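Architecture and fold: a report
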Amino acid sequence: MLSDNRITAVLGPTNTGKTHYAIERMLGHRTGIIGLPLRLLAREVYDRIVALRGPSVVALVTGEERIVPPRTQYWVCTVEAMPDGMGTDFLAIDEIQLCADPERGHVFTDRLLRARGTQETLFLGSDSMRSAIAELVPKAQFLRRDRLSELVYAGSKKISRMPGRSAIVGFSVDNVYAIAELLRRQKGGAAVVMGALSPRTRNAQVEMYQNGDVDYLVATDAIGMGLNLDINHVAFSSLTKFDGRRMRALQPNELAQIAGRAGRYMRHGSFGVTGEAPLIEDGVVDAITNHRFAPVKKLQWRNTGLEFGNAARLIASLESPTDDHWLTRAREADDLQALKTLSARDDVAVRIGGPQDVKRLWDVCRIPDFRGISHAEHAAILEQIFAYLQQYNRIPDDWLARQVKRLDRTEGDIDALSKRLAFIRTWTYVAQRKGWVDDETHWREATRAVEDRLSDALHARLTQRFVDRRTSVLLRRLKQKEGLVAEVNDKGEVTVEGQLIGRLEGFRFTQDKTANADEAKTLRAASVAALAPQFHLLADRFYNAPDTEIDFTEQGGLMWGEHAVGKLVAGDDALKPQAVAFVDDEAGVDVATKVQRRLQHFIDRKVATLFEPLLNLSKDDTLPPIARGFAFRMIENFGIVPRAEVAAEVKDLDQDARATLRKHGIRFGQFTIFMPLLLKPAPTRLRLVLWSLANKLDEFPESPPPGLVTIPTEKDAPGGWDTMSGYRAASSRAIRIDMLERLADMLRAENSRSGFEANPDMLSITGMTLEQFADLMQGLGYKAEKGERVKVKSAPVADAKAVEGEKPAEEAKPEGEAEASEAPAVTAPEAEAAKEASPEAETPAETAEPSEEAPEMEVFYTFTWAPKRQGGGERRKPQGKGKPRGKPQGKRPPRDGAKTYQARPPKKEKKIDPDNPFAAALMGLKDKG
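In this text, all values refer to a predicted model and were calculated from it rather than measured experimentally.

Attention now goes to the overall build of the protein chain. Scanning the protein chain from terminus to terminus reveals 32 helices and 34 strands. Counting the 929 residues in the protein chain, one finds 49% classified as buried. Taking as baseline every contact in the protein chain between residues at least 6 positions apart, the subset at least 24 positions apart corresponds to 70%. Total accessible area on the protein chain stands at roughly 43800 Å², and carbon and sulfur atoms take up 49% of it.

In structure tokens, the structure reads:
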């Protein structure tokens, strides 16, 4: 028979060591059992006792977990899962004040009234239960325990000013997540503790907080139930909560239960509010700090003398009233509501034959609604379980396996994983019921394994979402004022204390893109402290780097390998651009100066190398005055000038001046005055950058691909782009200026008045098809008339070496021959480009043999000189010296009076320089007249 001789109520506020005292008392007996309010707390106590006595003698029994070794001596249980009639020497019930809880109070009241140890019984809880226990358990003795540390009220604090080792309490999942997200942004993160978490997830989160990975904890009121954590301050984000039925204000004793988590053992603690929570009233503050609360007047109660004759009698027994003024009948719980629903269904009623069936139905109805779904959905799953138990006397393995497998997935976000965890708890609970499944051990292990996997995944998602380890670690180290050491790998990734904080791109630090505004401050502070030595080392390495490691972009950027380290800006002289270094302010003035100096050396040498002919021209003091003026025009135009723009200056140059300029590599073409060496790809690329800088363009045009004779014209390109690129626009394409000069030499031999056809050499030099060549010629001022004729058998194709043996563009005819030519002007840049772009272009000489059945036709074009005036009619051919008005008619002597349109008196005709290598050709042209 149970003895009431040693019943003790150990009452007092939080942090009095009541649970620790109970564990010590239990271990002083041969056997014992302790009932705890939460599964999480039960797991914590179980782990403590296992550490002291070993796992072979300690059992853990909760609704979803059952670990019972064969030689069990000590039982750790949730209050609801405590087995009846254990007859252990010791029995304890923790948080006994929950007898007044509307949801679970009737279970605690039953244990208060009926549960006893054979030698010792302890009831642990708030002092507000003294009167109730004294009345209902007359033989109970009372042991008062005072708080070991002080608890003070700290008022309201913003989360941004929340001290370290704080717990912020929310009363809904959404509220907890919102607070945790804010703490991640401002403080580096927080651990999350809620009653709905599995013990495995909760322990992993608490471990992060306890070991200092995070300095903050966000929790529901679950932390008020005996969870022992290292908390200095507790802040309430709200003073109201939803109790399952309505929103209500928290009672002073409830606030005290949670606030009391602050301050452990001898260390003082504080509590307060945060966010939109109002200040706590003075009277409530006084009650909390002095531990004075109104005594509990009523305990929740439900009849435990159940009758299982039929479903109606069972319901009636559960709803029977009490005449004890200390007890009040509990409101209808979920299990009673489920019983009423199922017993009213015909499919269930026909399966109930006797008391054993009614008892089984009641056991099924007691499965908690872990999922929090609607009452109807919960009742439907209960009905299915009851049907299987009645039909097969067990739950079929294949059906249960499908339910479990559906939940065994670790992908998804926090909400998805939380729902799966809640669902698996249902099947974990089912697997714990004796006789419900064939292989209880298998299903307990299987459901536990799924719960563990989901718990680990949920912990990972919570940590990923609410903990910024990088910011947390850096904040802690910055507060400790320890020297931070940065490491930069070969990818430029910067880590401090093992945490990636960003990338070092050249001499600029780029913070990790995931950092928000609050985290950015921490990252910037850490980077400034840690990267200073790295900047100096990097600057020394850059200063000693060869020019081959540095380059400029077509937009004027300056690169060191893959990293932008500066840009070019226009200087006072177009050929002397200035380098601006990209260096963070934190790197210091010395680093910025060193980088800028190295970049300036690079670009100065690059200009000197690629524009050497032009710079030599500018430095030649021996040039005659008239040549010096023309040289200035060449320099300011980067070595390329359309002849039409300098026609007057060219006419003013005598042969001596021209000869001097030719020695500097200047070629006087029919359409362009240029320096052939500057048409190469490298000078062209730099010329476009310098020209863009000089013209203050927002977007710099890119240089054409090297080796092309013709390129498409750019409609939106800035004026002069084709010239600076080394091309001249002609209709839809532009032709390279040196190749245009070679084409012009060929066209002079043709009769442009009566018309001529393109020969293979013309097509070859431009690399175009006949149709493309016709379009080009029209852009040069010719009229192209298309015709069709019977194709004759082709003659042997001219040896390709004839084209390949052409003189290079640099050796084309000098300006003297160009001026004496009677052929119309031709624009020059596209020959070789089109040759590469269309190497297989068909020429008239390469057409296939005609068919024997029918004559093969071929298309041909006849070209005549027919430029149009801007105001209508024909206009005079540009840059032709001594040309007649109207259509040119092949080679003709220059007509007198070619300078009719000049305002000044005509100059005497200059004598042909006998030393000129083209003198004989010029004399021949004159004689033809």
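Here helix α2 (residues 39-53) is 15 residues long and its end C-alpha atoms lie 21 Å apart, about the 21 Å a rise of 1.5 Å per residue gives. For α2, the complete set of buried residues consists of Arg39, Leu40, Leu41, Ala42, Arg43, Glu44, Val45, Tyr46, Ile49 and Val50. Once α2 finishes, glycine 54 follows within two positions and takes phi at roughly 90°, a positive value.

Another aspect to go through is the nonpolar core. With 63 residues, the main nonpolar core has Phe507, Leu575, Phe611, Leu617, Phe630 and Leu661 as its most contacted residues. The dominant element in this core, judged by the number of residues it contributes, is helix α19 (residues 589-610), at seven residues. Non-local contacts of leucine 617, meaning those with residues more than four positions away in its chain, are made with Leu623, Ala631, Met634, Ile635, Leu661, His664 and Ile666. Judged by nonpolar contacts, the second largest core, of 59 residues, contains Leu336, Leu339, Trp399 and Leu407.

Take the packing of aromatic side chains next. Taken as a whole and assessed by the stated rule, the structure comprises 15 aromatic pairs. Summarising the aromatic geometry, the rings of tyrosine 388 and tryptophan 399 are spaced 5.1 Å apart at their centres and angled 55° between planes, so their arrangement reads as tilted. Here tryptophan 399 lies in helix α14 (residues 397-407) and tyrosine 388 lies in helix α13 (residues 375-392), a separation of 11 residues in the sequence. Overall, the relative accessible area of 15% leaves tyrosine 388 in the buried class. Taking the centre distance of 5.8 Å and the plane angle of 25° together, the rings of phenylalanine 630 and phenylalanine 668 count as stacked. In this pair, phenylalanine 630 is assigned in helix α21 (residues 625-636) and phenylalanine 668 in strand β28 (residues 667-668), connecting sequence segments 38 residues apart. Residues phenylalanine 630 and phenylalanine 668 agree in their burial class; the two are buried. Among the aromatic residues, those joined into a ring-pair cluster are Phe756, Phe773, Tyr782, Tyr861, Phe863 and Trp865. Above the ring of phenylalanine 423, the side-chain terminus of arginine 371 is found at 5.2 Å from the ring centroid. Positioned above the aromatic ring of phenylalanine 552 is the side chain of arginine 685, whose terminal nitrogen or guanidinium carbon lies 4.1 Å from the ring centre.

Before going further, it helps to spend a moment on the pairing of strand β13 (residues 233-236). Alternating positions in β13 separate into two faces, His233 and Ala235 on one and Val234 and Phe236 on the other, with burial throughout. As paired strands, strand β10 (residues 166-169) and β13 are joined by four bridges and run parallel to one another. Bridging across to β13, alanine 167 finds its partner in valine 234.

What counts as what
- Residues numbered from 1 in each chain as written.
- Predicted model: local features only at pLDDT ≥ 70, side-chain atom pairs only at ≥ 80, totals over all residues.
- Heavy atoms only, no water.
- Helix = DSSP H or I, 4+ residues; strand = E, 2+ residues; numbered from the N terminus.
- Buried < 20%, exposed > 50% of the residue type's maximum accessible area, 1.4 Å probe, protein only.
- Contact = heavy atoms within 4.5 Å.
- Areas by Shrake-Rupley, 256 points an atom, 1.4 Å probe, with all protein chains shown as cover.
- Expected span 1.5 Å × (residues − 1).
- Core = buried A, V, L, I, M, F, W, Y, C linked by side-chain atoms within 4.5 Å.
- Phe/Tyr/Trp six-rings, centres within 6.5 Å; stacked < 30°, edge-to-face > 60°.
- Lys NZ or Arg CZ within 6 Å of the ring centre and 35° of its normal.
- Pairing = 2+ DSSP bridges.

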